[in-house]
Amino acid sequence: MDSLLERVDAFIRRHALLDSGEPVVVGISGGADSIVLAAMLLDLGHPLLAVHVNFGLRGAASAADEAFVRQWCRERNIDLVVRSVDTLEEADASGASVQEAARHLRYAAFRAVALDGGVRKVAVGHHRDDQAETVLLHLFRGTGPEGLAGMPVRRPIHSSGECEVVVVRPMLCLRRAEIESYAQGKGFAWRDDETNTQPKYRRGALRGEILPLLEKHFGASVVENVARSGDLVRDYLEASLKADLEAAFGSALRSDEEGGGSADLAAIRNLPDVLRHRVFIEALRRWLPGVEANARAAQEIDELVDAQPGGRVEYGMGVVWRERDRLYFSPAGKEIRLAAESLDAGASVRLPHGILRAQRLPHPPEVPAEGAPLDVYLDARSIRFPLTVRPWTTGDRFVPLGMRGTKKVSDFLTDERVRPHRKAGVHVVESDGRIVWVVALRIAHGVRLLPDSSETVQLSYDPDAGAGHAVSSRKGARED
């Protein structure tokens, strides 16, 4: 057995990454690392199911990568699944960065293929250089101990009630140069992705410019030293903080069946700051895996603890929002379900991005159309207080102003070009169980002012109000 292969075999055994002869899904991009990983796993006797994700970001180069991987797998009788995805569309729909969307799509594809094939392990080709880059990226972003620990040798891909799928990294013991030398010695061809060293991407700048400069001034051992520091931090976490963290996670966090979860505010408040922030970081990693789980994000979420219900922090791949007794972590596309609120005349309710008020007016305004859709005027004869304010739900219908027949709220939002990750935050106002306003979008036809209208109900939505509840919007991708 080759010495490099022996090292990988020993690494797999030491960390119990794979059982002998265990089937494994392997991600193959076409780069040297993924090609060598697949070849080594074959040599170690693991049946493979390969996955190649074509992100469609590099035109002809993406097509060439796919063709190369197809041919490589065909020559070795490796079953291959190719997933073509529209990364730009995903980024636009979710509000995520392109890298963030690509990472989300990649791991979603790995997990789906693994579940379909009845496989529970997914192997990826990260190595020591990747690990050093990850530690430094986390450090530059302002991370805690878990960020400085870098990538774990194994971690679950988020699961929502199905059997757990685990990502393993059998080559974290090898340097990039060793892997490329091994590939050359075996006569393996591979594809290089030129974007990996482009300085417009943070990891590309680190790989192509910063690390070479550090090696010039501090020696060729810089990468290994940084990666080893990450290993030591992880060992420390495992030995000293793991029990406390697991106890805190167990008391505060609860997964739901829709891919998200929540944290109990009472349990959160009883934790020391350092553990509370670690809980938030773990919650992001479990339920919003595309989000940068770092100290800055933890601090933003911490500000929600004492905010008003309805406060939220939005990320490209989801949102964290506060209810009365819990913090909810909702992936993009999952509907947010705030509790229904009762609204009387002369009162107000707080929504995630502002305040909704209701009042009676003795006469209609002179120009009622002005100010719409944030200020709307309804015929008081068609309204009965208290009103109900709630998030829209699947199956909701109403008659939009200017129409005669009912329309599904979901179809109305699509027609209004409300982006998918924004739909979950849309609220409706009901009177006697009938939707009279899709907030900030359209009133119902049956409550419009008529020529003989006198007493009027004014509903006003102020998206700039709500001082004291945290609302922010950030993008960012973990690059591990």
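The preceding data block contains the structure.
Summary of the structure given here.

**Quick look at the packing of helix 1 (residues 3-14) against helix 2 (residues 32-43)**
And step 1. Between helix 1 and helix 2, the least distance of the axes is 11 Å, while the angle of their chain directions is 75°. In this view, helix 1 runs roughly perpendicular relative to helix 2, as classed from their interaxial angle. For the pair formed by helix 1 and helix 2, the contact residues are Leu4, Leu5, Val8 and Ile12 on the first element and Met40, Leu41 and Asp43 on the second.

**Some points on the pattern of salt bridges**
And step 1. A full pass over the atoms with the stated rule returns 32 salt bridges.
And step 2. With a closest N to O distance of 2.9 Å, Asp2 and Lys186 form a salt bridge. On the criterion of sequence distance, the pair formed by Asp2 in the segment before helix 1 and Lys186 in helix 8 (residues 176-186) is long-range, its members being 184 residues apart.
And step 3. Of the charged contacts, one joins Asp129 and Arg175 as a salt bridge, the two residues approaching to 2.9 Å between their closest N and O atoms. With Asp129 in helix 6 (residues 128-141) and Arg175 in the loop between strand 6 (165-168) and helix 8, this pair connects stretches of sequence that are 46 residues apart.

**Side note on the packing of helix 10 (residues 222-252) against helix 12 (residues 273-287)**
And step 1. At a minimum axis distance of 10 Å, the contact between helix 10 and helix 12 shows a crossing angle of 70°. Classed by the angle they form, the pair helix 10 and helix 12 counts as roughly perpendicular. The two elements helix 10 and helix 12 meet at a crossing, and its hand is right-handed. Judged by residue contacts, Asp244, Leu245, Ala248, Phe249 and Ala252 of helix 10 engage Leu275, Arg278, Val279, Glu282 and Arg286 from helix 12.
And step 2. Looking at the contact of helix 10 with helix 12 residue by residue, the classes come out as six nonpolar, no polar and four charged.

**Quick word on the pairing of strand 2 (residues 48-54)**
And step 1. Along strand 2, seven of the seven residues are buried, which leaves the element largely enclosed by surrounding structure.
And step 2. Judged from the four bridges that link them, strand 1 (residues 24-27) and strand 2 form a sheet pairing that is parallel. Note that in strand 2 the partner of Val25 across the bridge is Leu49.
And step 3. Taken together, strand 1, helix 2 and strand 2 form a β-α-β motif whose crossover is right-handed.
And step 4. Bridge count between strand 2 and strand 3 (residues 79-84): six bridges; the pairing is parallel. Paired with His52 across the bridge in strand 3 is Val82.
And step 5. Of the crossover connections in this fold, the one passing from strand 2 over helix 3 (residues 60-75) to the parallel strand 3 is right-handed.

**Some remarks on the sheet that holds strand 14 (residues 354-361)**
And step 1. Here four strands make up an open sheet; going across it, the order is 13-14-22-15 and the pairing antiparallel. Across the chains shown, the open sheet's two edge strands, defined by having one partner strand only, are strand 13 (348-351) and strand 15 (375-379). Each strand axis lies, on average, 20° off the axis of its neighbour in the sheet, ignoring direction.
And step 2. Pairing geometry for strand 14 and strand 22 (residues 456-462), over seven bridges, is antiparallel. Note on strand 22: the bridge partner recorded for Arg360 is Val457.

**Remarks on the nonpolar core**
And step 1. Judged by nonpolar contacts, the single largest core of 38 residues is most densely connected at Val26, Ile28, Val36, Met40, Leu41, Trp72 and Leu174.
And step 2. When residues of this core are traced back to their parent elements, those giving at least two are helix 1, strand 1, helix 2, strand 2, helix 3, strand 6 and helix 8.
And step 3. For this core, the element with the highest residue contribution is helix 2, accounting for seven residues.
And step 4. Sequence-distant contacts of Met40, that is, excluding residues within four places in its chain, are made with Leu4, Leu5, Val8, Met171, Leu174 and Tyr182.

**Overview of the sheet that holds strand 3**
Hydrogen bonds along the backbone pair up the strands of a sheet, which may run parallel or antiparallel.
And step 1. The six strands are arranged 3-2-1-4-6-5 in an open sheet whose pairing can be described as mixed. At either end of the open sheet lies a strand with only one pairing partner, and these are strand 3 and strand 5 (154-157). Strand-to-strand twist in this sheet, taken as the mean axis angle between neighbours without regard to direction, amounts to 30°.
And step 2. Contacts from helix 2 reach strand 1, strand 2 and strand 4 (121-123), with the element oriented near 160° to strand 1.
And step 3. The strands touched by helix 5 (residues 98-117) are strand 1, strand 2, strand 3, strand 4, strand 5 and strand 6; relative to strand 2, the strand with the most contacts, the crossing angle is about 150°.

Definitions and cut-offs
- Residues numbered from 1 in each chain as written.
- Predicted model: local features only at pLDDT ≥ 70, side-chain atom pairs only at ≥ 80, totals over all residues.
- Heavy atoms only, no water.
- Axes fitted to C-alpha atoms, helices over the stretch in contact; angles between N-to-C directions.
- Helix = DSSP H or I, 4+ residues; strand = E, 2+ residues; numbered from the N terminus.
- Parallel < 35°, antiparallel > 145°, perpendicular 65-115°, else oblique.
- Contact = heavy atoms within 4.5 Å.
- Salt bridge = Lys/Arg side-chain N within 4 Å of Asp/Glu carboxyl O.
- Left-handed = near helix turned anticlockwise from the far one by under 90°.
- Nonpolar A, V, L, I, M, F, W, Y, C, P; charged D, E, K, R; others polar.
- Buried < 20%, exposed > 50% of the residue type's maximum accessible area, 1.4 Å probe, protein only.
- Pairing = 2+ DSSP bridges.
- Right-handed = clockwise from strand over helix to strand, strands pointing away.
- Core = buried A, V, L, I, M, F, W, Y, C linked by side-chain atoms within 4.5 Å.

This is a description of form; function is not addressed.
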